[in-house]
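A structural walkthrough
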Amino acid sequence: MSRLETIPSNVPQTNNHSPRANKPVSIGQYLIRRLQDYGLKHVFGIPGDYILQFYGQLEKSPIEVVGCTREDCAGFAADAYARINGLGAVCVTYCVGGLSVCNSIAGAYAEKSPVVVISGAPGLAERVNNPLLHHKVRDFRTQLEVFEKLCVACAELNDPAVAFREIDRVLDTVVRYKRPGYIEIPRDQVEIVPQIVHTYHHHNTGCEDDPQCAEEAVEETAALLAKAQRPVIIAGVEIHRFGLQDKVLALAERYKIPIAATILGKSVVPEKHPLYIGLYEGAMGRAEVTQYVESSDCVLLLGTFMTDLNLGIFTAQLDPARCVYVTSEQLRIRHHHYHQVPLDTFLDKLSSRELTVVQRPIPLDLNPPRPPYQLQADAPLNIRRLMDRLNEQIDDNTIVIADIGDALFSASELITHQRTEFISPAYYTSMGFSVPAALGAQVARPDSRVLVVVGDGAFQMTGMELSTIVRRAYCPIVIVLDNGGYGTERFLHAGDWKYNDVHRWKYHKLPDLLGGGTGYEVRTEGEFNAALNSAWNDRRGMSLIQAHLPLKDASDALKRLTERLSKRV
């Protein structure tokens, strides 16, 4: 069993149904209790007739149901919740609900977020003679087969004799691989009490660890580090997902190795740490960081996805002969592949070595001290100055959620603190993630200050999830970057294209429509400063700041990115 798997200590172990109650439990009740074993306290979703019985069980259980406005929003909320809590869940009805949540779950799979999809389905007795039941598409397995492409494990609970075992298998696999799983419950099976003796046993979801292989991998890495004159660490998103931040910092601090992060892994390392050098994004990133990393003679890529955005649209110039690439699923040192070596085992063994590693100097131009923000009250607001002001505001208790587009690229310049969270779909890049994600983040950590940066185009996709946020009296700050359309695409495809324009909303009026929160409309630095100060000190409800920006305004990161991408569009 890999050490990367978290197996709860209180899972059902020895009797036929449950150690917590004298009476037997049904299939639905067993699923709820196993979700609780993994620390799940909330489920997001929308009810429908094929899942109503299970919703009734949820409402009677300690797990709280968080109703959302749309299934895709519920999926995004569950994704953000999972990134913070360690496991998320979304509960929907058959096909019209399940197929609506596919995009959200595809993003969770792509970015390794452990979300469990629970879907109702027509009862087994209803399926006799293959009737045309409502919501059905083609045949009764269509939805299951779709999710088999989007999830690491799937189960249809159509056999009481193996239902408990199937629930265990899916949940164990989701937690092991940090990817979504799918459980489909026919509605006439929810209350079924299996007449079996069930003993929980951990399901082997991968190969067993190989201690000898781990020793050889660490030995080769140690030899590279000992000879290196210019070592560097690139820390990626898996360090977040598997809770390995402290282990990576311990390794870096022991040998004094500088650390960069990828954009998907932003905030994996406190960005005020003396060994932190910035985001590495190939030619998309700052030239000083790019040159420092690519001139290294030993690069430790730890939990890093080799995606196009992470690597600056594949402009990264990393010599494989100088790289040690370690994730939860593979380990490659130069051109040598090692199998069955967990990421945390590798980090522990490497940190325990007695090595003399050259202490590489970090030039001041990698992290130059930023001048204090000087307010120019009457100056028109632009994206760079907006982010400079936010940098003055965020603290250890802030969760920054950035949507796709310049919301993400400009927010990458924010400096995260010791425990600041930075959440964005920076690999899958699905617009509309941020507002539902704010709901998930607030549910997971209600005392945190959640700050959302979202473009007007993305907001128009899913921004009405603010309704749920108002209903539950949460108080995120949502900044809508209002430039009248899809700003990133304007730079990608030069020309005055009308398809990039969106209808102008009065975003700051939405709190009146939704019956809660406070709206602000700002055009200058002074107006934005006043709105941010007021919103930050207001915990009575959500705050929405409509920030008017010039049509052609863009962050430096976006300009660098679109210069590369525009050649392919």
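Summarised in this report is the structure supplied together with it. These figures come from a predicted structure and were not determined experimentally.

Along the backbone of the chain there are 20 helices and 19 strands. With the C-alpha coordinates of the chain rotated into their principal frame, the extents come out at 70 × 65 × 45 Å. A total of 569 residues make up the chain; the buried ones form 60% of that total. Within the chain, contacts between residues at least 6 apart in sequence are counted, and of these 77% link residues at least 24 apart. Here the chain has roughly 22400 Å² of accessible surface; of this, 50% comes from carbon and sulfur atoms. Charged side chains in the chain number 59 positive and 67 negative. The centres of these two groups are separated by 1 Å.

Strand order in the open sheet formed by six strands is β2-β1-β3-β4-β6-β5, with parallel pairing between adjacent strands. Edge strands, defined here as strands with exactly one partner in the open sheet, are β2 (64–67) and β5 (153–156). Along the sheet, successive strands turn relative to each other by an average axial angle of 20°, direction set aside. Pairing of strand β3 (residues 88–92) with strand β4 (residues 115–121) involves five bridges; the strand directions are parallel.

What follows is about the nonpolar core. Of all hydrophobic cores here, the largest spans 84 residues; its most connected members are Phe44, Phe54, Phe147, Ile401 and Phe459. Grouped together as the second largest cluster of nonpolar side chains are 79 residues, Leu225, Ala261, Leu300 and Ile545 included.

So, about the side chain of aspartate 553. Mapped onto the elements of the fold, aspartate 553 is located in the loop between β19 (543–548) and α20 (556–565). For the buried residue aspartate 553, which engages in no salt bridge, the nearest side chain bearing the opposite charge is lysine 559, 6.2 Å off. Engagement of the side chain of aspartate 553 in a polar contact is seen with the backbone nitrogen of isoleucine 383, the distance being 2.6 Å. In this view, aspartate 553 contacts Asn382, Ile383, Asp406 and Phe491; residues no more than four positions away in its chain are not counted.

Extensive coverage of β4 is indicated by the burial of seven of its seven residues. Burial along β4 is two-sided: Val115, Val117, Ser119 and Ala121 facing one way and Val116, Ile118 and Gly120 facing the other are all buried. After leaving β3, the chain enters helix α4 (residues 102–110) and then returns to the sheet as β4, a path that is right-handed.

Further remarks concern the environment of proline 363. Here proline 363 is to be found in the loop between α11 (343–351) and α12 (383–393). Judged by its relative accessible area of 37%, proline 363 falls in the partly exposed class. For proline 363 and glutamate 148, which are 215 residues apart along the polypeptide, the C-alpha to C-alpha distance reads 49 Å.

When you tally the buried positions in strand β7 (residues 231–235), you get five out of five residues, the bulk of the element. Along β7, one buried face is formed by Pro231, Ile233 and Ala235 and the opposite face, lined by Val232 and Ile234, is buried too. Strand direction decides the pairing type here: β7 and strand β10 (residues 298–302), joined by five bridges, are parallel. Opposite valine 232, over in β10, you have valine 299 as the bridge partner. Examined bridge by bridge, β7 and strand β8 (residues 259–261) share three bridges and lie parallel to one another. Its bridge partner being in β8, isoleucine 234 is matched across the sheet by alanine 260.

With that settled, the discussion passes to the environment of threonine 429. Along the polypeptide, threonine 429 turns up in the loop between β15 (421–423) and α14 (434–444). Classification of threonine 429 by relative accessible area gives partly exposed; the value is 30%. The sequence separation of threonine 429 and alanine 110 amounts to 319 residues, and the corresponding C-alpha distance is 9.9 Å.

Here we come to the packing of aromatic side chains. The tally for this structure, following the rule as stated, stands at ten aromatic pairs. Here the aromatic rings of phenylalanine 44 and tyrosine 81 are separated by 5.5 Å at their centres, their planes lie at 70°, and the arrangement is edge-to-face. In this pair, phenylalanine 44 is assigned in strand β1 (residues 42–45) and tyrosine 81 in helix α3 (residues 71–85), connecting sequence segments 37 residues apart. For the residue pair phenylalanine 44 and tyrosine 81, the accessibility class agrees, reading buried in each case. Between the aromatic rings of phenylalanine 76 and phenylalanine 433, the centroid separation amounts to 5.6 Å while the plane-to-plane angle is 75°, which identifies the pairing as edge-to-face. In this pair, phenylalanine 76 is assigned in helix α3 and phenylalanine 433 in the loop between β15 and α14, connecting sequence segments 357 residues apart. With relative accessibility at 5%, the residue phenylalanine 76 sits in the buried group. In textbook terms, an aromatic cluster arises when at least three aromatic residues are bridged by ring pairs, as seen for Phe459, Trp505 and Tyr507. The ring of tyrosine 109 carries the charged tip of arginine 179 above its face, separated from the ring centre by 4.4 Å. Just above the ring of tryptophan 536 sits the side chain of arginine 449; from NZ or CZ to the centre is 5.4 Å.

Turning to the environment of leucine 549, a few remarks are in order. Within the element layout of this structure, leucine 549 appears in the loop between β19 and α20. Assessed through its relative accessible area of 13%, leucine 549 is described here as buried. Through-space distance from the C-alpha of leucine 549 to that of proline 380 is 8.1 Å; in sequence the pair is 169 residues apart. Aside from chain neighbours lying at most four places away, what touches leucine 549 is Leu381, Asn382, Ile383, Leu481, Asp482 and Asn483.

This brings us to helix α19 (residues 525–536). Over its twelve residues, α19 extends 16 Å from the first C-alpha to the last, a length consistent with the 16 Å expected when each residue adds 1.5 Å. Against the buried residues of α19 lie α12, β14 (398–402), β16 (449–455), β17 (477–482), β18 (518–522) and β19.

What follows is about the sheet that holds strand β13 (residues 336–338). With respect to topology, seven strands assemble into an open sheet ordered β9-β8-β7-β10-β11-β12-β13, the strand pairing being mixed. Pairing within the sheet leaves two strands with one partner each, and these edge strands are β9 (276–279) and β13. This sheet shows a mean twist of 20° between the axes of neighbouring strands, independent of strand direction. Across three bridges, the pairing between β8 and β9 is parallel. Residue pairing in the sheet places alanine 260 in a bridge with glycine 278 of β9.

Now for the packing of α3 against α14. Interhelical geometry of α3 versus α14 gives an angle of 40° and a closest axis separation of 7 Å. In terms of orientation, α3 lies oblique with respect to α14. Here α3 runs over α14; the crossing is right-handed. Here Cys73, Phe76, Ala77, Ala80, Tyr81 and Ile84 of α3 come into contact with α14, specifically with Pro436, Ala437, Leu439, Gly440, Ala441, Val443 and Ala444. Within the contact of α3 with α14, the residues separate by chemical class into twelve nonpolar, one polar and no charged.

Rules used throughout
Residues numbered from 1 in each chain as written. Predicted model: local features only at pLDDT ≥ 70, side-chain atom pairs only at ≥ 80, totals over all residues. Heavy atoms only, no water. Helix = DSSP H or I, 4+ residues; strand = E, 2+ residues; numbered from the N terminus. Buried < 20%, exposed > 50% of the residue type's maximum accessible area, 1.4 Å probe, protein only. Contact = heavy atoms within 4.5 Å. Areas by Shrake-Rupley, 256 points an atom, 1.4 Å probe, with all protein chains shown as cover. Lys, Arg positive; Asp, Glu negative; His and termini not counted. Charge placed at Lys NZ, Arg CZ, Asp CG, Glu CD. Pairing = 2+ DSSP bridges. Axes fitted to C-alpha atoms, helices over the stretch in contact; angles between N-to-C directions. Core = buried A, V, L, I, M, F, W, Y, C linked by side-chain atoms within 4.5 Å. Salt bridge = Lys/Arg side-chain N within 4 Å of Asp/Glu carboxyl O. Polar contact = N/O pair within 3.5 Å; in protein donor to acceptor, adjacent residues only side chain to side chain. Right-handed = clockwise from strand over helix to strand, strands pointing away. Phe/Tyr/Trp six-rings, centres within 6.5 Å; stacked < 30°, edge-to-face > 60°. Lys NZ or Arg CZ within 6 Å of the ring centre and 35° of its normal. Expected span 1.5 Å × (residues − 1). Parallel < 35°, antiparallel > 145°, perpendicular 65-115°, else oblique. Left-handed = near helix turned anticlockwise from the far one by under 90°. Nonpolar A, V, L, I, M, F, W, Y, C, P; charged D, E, K, R; others polar.

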